[in-house]
Amino acid sequence: MEIPAQTVAVVRAACPGGTRVTRVRDTLGAIFDDVEFAGWFAVEGRSAVPPGLLALVCVLQAMEDLTDRDAADAVRTRMDWKYALGLALDDTGFHYSVLSEFRDRLAGDGRAIRLLELMLDAAREAGLLRGGGKARTDSTHVLAKISALSRLERLGETMRAVVNQLAQVAPGWLTLRIRPEWEQRYGRRIDSAHLPAGEQARDRFGQAVAADGAALLAAIDDDPDAQWLNNLPTVGALRAIWDQECVRDAQGVWVLRHGRFREGADFLDSPFDLDSRWSRKRDTSWRGYKAHLSETCDLDTPNLIIDVQTTPATDADNATLPAITTSLQARDLTLAEHYLDEGYVTADAIARAAGQGTQIIGPLTRDSSWQARAGKGFDRDSFHIDFDTRTATCPGGKTSTTWRPRAHNSGPGTAIGFADTDCRPCPMRPDCTTSFTSGRQILIPARDLYEIQLANRAAQHDPAWKQRYNTRAGIEGTISQATRAHHLRHNRYTGLAKTRVQHVLTACGMNAARIADWNHRDNQPAPARPRSPFKNLCQKTKITAS
């Protein structure tokens, strides 16, 4: 869309140096064409606001972290926004609710990522992005937009959500099955303040709710005309949570399961967000999701976010790396160097990346065995492995006696055993093995992966490798910017699909700001961050940490 001449004249007169918003338009052009979104809208009915315009509004909204109302006001009142959007100065814009409707369309079929792809295409045409460069990736936790619920609250709120939705979509069907006590039990929010007092009373409440939910599900199953109710999200949540929390006793009565349940990949914590999961990473535990951001880190181009992955909180980082790699390859952005932390790096990933022309720079996950933690030289890597003779030599000089195939977590592996007659009298035995009935056993992966592990762990002690790996640290700043300036860690929506939309728009907004700032400094790299006086003194006197 061409910018009206009057808008150009007024904006350039009022802002000779431009603004961030106008520099985005000047550098990337219109970015989004309505043709790209034609399949998202019906061919009949009233005309929609041009989707290309809405896509750019969503990006600018994310760049400036505005609410829907403020973004709609900016379209209506700000000259630099009208310039970027190609609107006349007297254009009245649109109602802010249109933005929410457009995000709903973005959530369908993973469409949101198309916005990032189109922005990256425009950046490539502007000479700000190219394949075969360097990139770095890291993840952060994302908090779901739900309250933490106790077990009774989870059951009660699930039942309350179901009857409320049925009262809207199938009031006649529900009326015939309402029990007299349901109004008091599910007529208001169920929380700790409204639960019965006393342990026995709460147990009776829980059993009653379990029976109510089971009866409602049975009524749906027994009515052929009510099968469509199974498509309702609350009914699906009821089935899943009742299967998780309830069981039939010997008399066939539905009761609560006994004991504690380990939260994990299959545990549903709330009926209001069925994609949210509980997870823990080191000292941080949360309910929600993970966001994985990958950005370029070449010195002669701006650091642009080139991939965004949103996953359940329980998904391991290294399990997400193949999806990141595939996504970059599909955009012709295969990397020469990929900087990662140990959560992503495995020997198998290093081998796969090398076959695709990418070098992974990052530490392998540390050996978690007690021998490695003791640091006395009896961990697996302290044994000399000879694949040609199919033997291993321990730090005490003894040779293995068995070499058997065995599955390893990376695929085929080998179990190596030492004779009890060698290990039992060894004075170093307490530092090597705790077994009293056999000699030391070690498990290694296939030869190529084992050699990658040895080479990687040896390289980590090289000062040159450490200096090179410092490049990865920049992604921490990007994560900080995304969480502090754009609230990436605090979810605005429920469900994985709309959470992904939020993350993609955040990435697009950050890219827009970085492109505008890069263009403003005449394509020169950002100046180095100044050191503190104390840091300068330490560098001058060489008083630095080893």
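Thresholds applied
Residues numbered from 1 in each chain as written. Predicted model: local features only at pLDDT ≥ 70, side-chain atom pairs only at ≥ 80, totals over all residues. Heavy atoms only, no water. Salt bridge = Lys/Arg side-chain N within 4 Å of Asp/Glu carboxyl O. Helix = DSSP H or I, 4+ residues; strand = E, 2+ residues; numbered from the N terminus. Buried < 20%, exposed > 50% of the residue type's maximum accessible area, 1.4 Å probe, protein only. Contact = heavy atoms within 4.5 Å. 1 Å grid on protein atoms, 1.4 Å probe; cavity = no way out; pocket = protein on both sides within 12 Å on 5 of 7 lines; lining within 4 Å. Points joined across faces, edges and corners; volume = space filled by probe spheres on them. Nonpolar A, V, L, I, M, F, W, Y, C, P; charged D, E, K, R; others polar. Polar contact = N/O pair within 3.5 Å; in protein donor to acceptor, adjacent residues only side chain to side chain. Core = buried A, V, L, I, M, F, W, Y, C linked by side-chain atoms within 4.5 Å. Axes fitted to C-alpha atoms, helices over the stretch in contact; angles between N-to-C directions. Parallel < 35°, antiparallel > 145°, perpendicular 65-115°, else oblique. Pairing = 2+ DSSP bridges.

Asks: Quick question: what am I supposed to make of the pattern of salt bridges here?
Replies: Applying the stated rule across the entire model yields 36 salt bridges. The salt bridge involving Arg151 is made with Glu245; its shortest N-O contact spans 2.8 Å. Of this pair, Arg151 sits in helix α8 (residues 151–169) while Glu245 sits in helix α12 (residues 233–245), and the two are 94 residues apart along the sequence. A salt bridge links Arg424 to Asp420, with the nearest nitrogen and oxygen atoms 2.8 Å apart. When salt bridges that share partners are traced, they join Glu36, Arg114, Glu117, Asp307 and Arg331 into one network.

Asks: Just checking my understanding: could you explain the environment of Leu328 for this structure?
Replies: Examined against the element boundaries, Leu328 turns out to sit in helix α13 (residues 317–330). For Leu328, a relative accessible area of 3% puts it in the buried group. Along the backbone, Leu328 and Asp307 are 21 residues apart, and their C-alpha atoms lie at a distance of 7.1 Å. Setting aside residues no more than four positions away along its own chain, Leu328 makes contact with Ile306, Asp307, Leu333, Thr334 and Leu335.

Asks: How do you make sense of empty space enclosed by the protein when you look at a structure like this?
Replies: Scanning the model with the defined rule gives two cavities of 30 Å³ or more in all. Empty space within the largest cavity amounts to approximately 130 Å³. As for the largest cavity, its lining consists of 15 residues, and the residues nearest its centre are Cys394, Cys423, Cys426, Cys432 and Arg440. The class makeup of the residues in the lining of the largest cavity is nine nonpolar, two polar and four charged. In this structure, the second largest cavity spans a volume of roughly 30 Å³. Of the residues contributing to the lining of the second largest cavity, the split by class is four nonpolar, five polar and one charged.

Asks: What is the right way to read the side chain of Thr310 from this model?
Replies: Topologically, Thr310 is positioned in strand β6 (residues 305–312). For Thr310, a relative accessible area of 4% gives the class buried. Separated by 2.8 Å, the side chains of Thr310 and His503 make a polar contact.

Asks: Looking at this model, I keep getting lost on the nonpolar core. Mind explaining?
Replies: The tendency in soluble globular proteins is for nonpolar side chains to be buried as a group. With 82 residues, the main nonpolar core has Phe32, Val57, Trp81, Phe94 and Leu115 as its most contacted residues. Residue contributions to this core peak at 12 residues, all from helix α20 (residues 496–520). Contacts of Trp81, omitting those with residues within four sequence positions, involve Val21, Val57, Leu60, Gln61, Glu64, Leu66, Ala71, Ala74 and Val75. Formed by 31 residues, the second largest nonpolar core is a distinct cluster that contains Leu174, Ile220, Ile241 and Trp242.

Asks: Any chance you could explain the packing of helix α14 (residues 347–355) against helix α17 (residues 447–459) here in plain terms?
Replies: Geometrically, a packed helix pair is captured by the angle between its two axes and the distance between the axes. Running from amino to carboxyl end, α14 crosses α17 at an angle of 100°, the nearest separation of the two axes being 9 Å. Between α14 and α17, the crossing angle belongs to the class labelled roughly perpendicular. Every residue of α17 that contacts α14 at Ala347, Asp348, Ile350 and Ala351 is listed here: Leu449, Ile452, Gln453 and Asn456. Tallied by class, the residues present in the contact of α14 with α17 amount to five nonpolar, two polar and one charged.

Asks: I keep staring at the environment of Ala319 and nothing clicks. Help me out?
Replies: Summarising the element assignment, Ala319 is placed in helix α13. As for Ala319 and Trp254, which are separated by 65 residues in sequence, their C-alpha atoms are 38 Å apart.

Asks: Just to check I follow, could you spell out the sheet that holds strand β13 (residues 441–445) for this structure?
Replies: Hydrogen bonding along the main chain pairs the strands of a sheet, whether they run parallel or antiparallel. Within the open sheet, the three strands sit side by side as β11-β12-β13. Their pairing is antiparallel. Bordering the open sheet on either side are β11 (402–408) and β13, each of which pairs with just one other strand. On average, each strand axis in the sheet is inclined to that of its neighbour by 30°, with strand direction left out of account. Relative to strand β12 (residues 411–417), β11 runs antiparallel, the two being bridged by seven bridges. Looking across to β12, one finds that Pro405 is bridged to Thr414.

Asks: Would you explain the layout of surface pockets in this entry?
Replies: Any empty space left between atoms is shown by rolling a water-sized probe over those atoms. There is about 670 Å³ of room inside the second largest pocket. In this structure, the second largest pocket is lined by 24 residues; those nearest its centre are Arg380, His408, Asn409, Gln453 and Arg457. Going through the elements one at a time, α14, β13 and α17 are the ones with two or more residues in the lining of the second largest pocket. Within the lining of the second largest pocket, the residues separate by chemical class into seven nonpolar, 11 polar and six charged.

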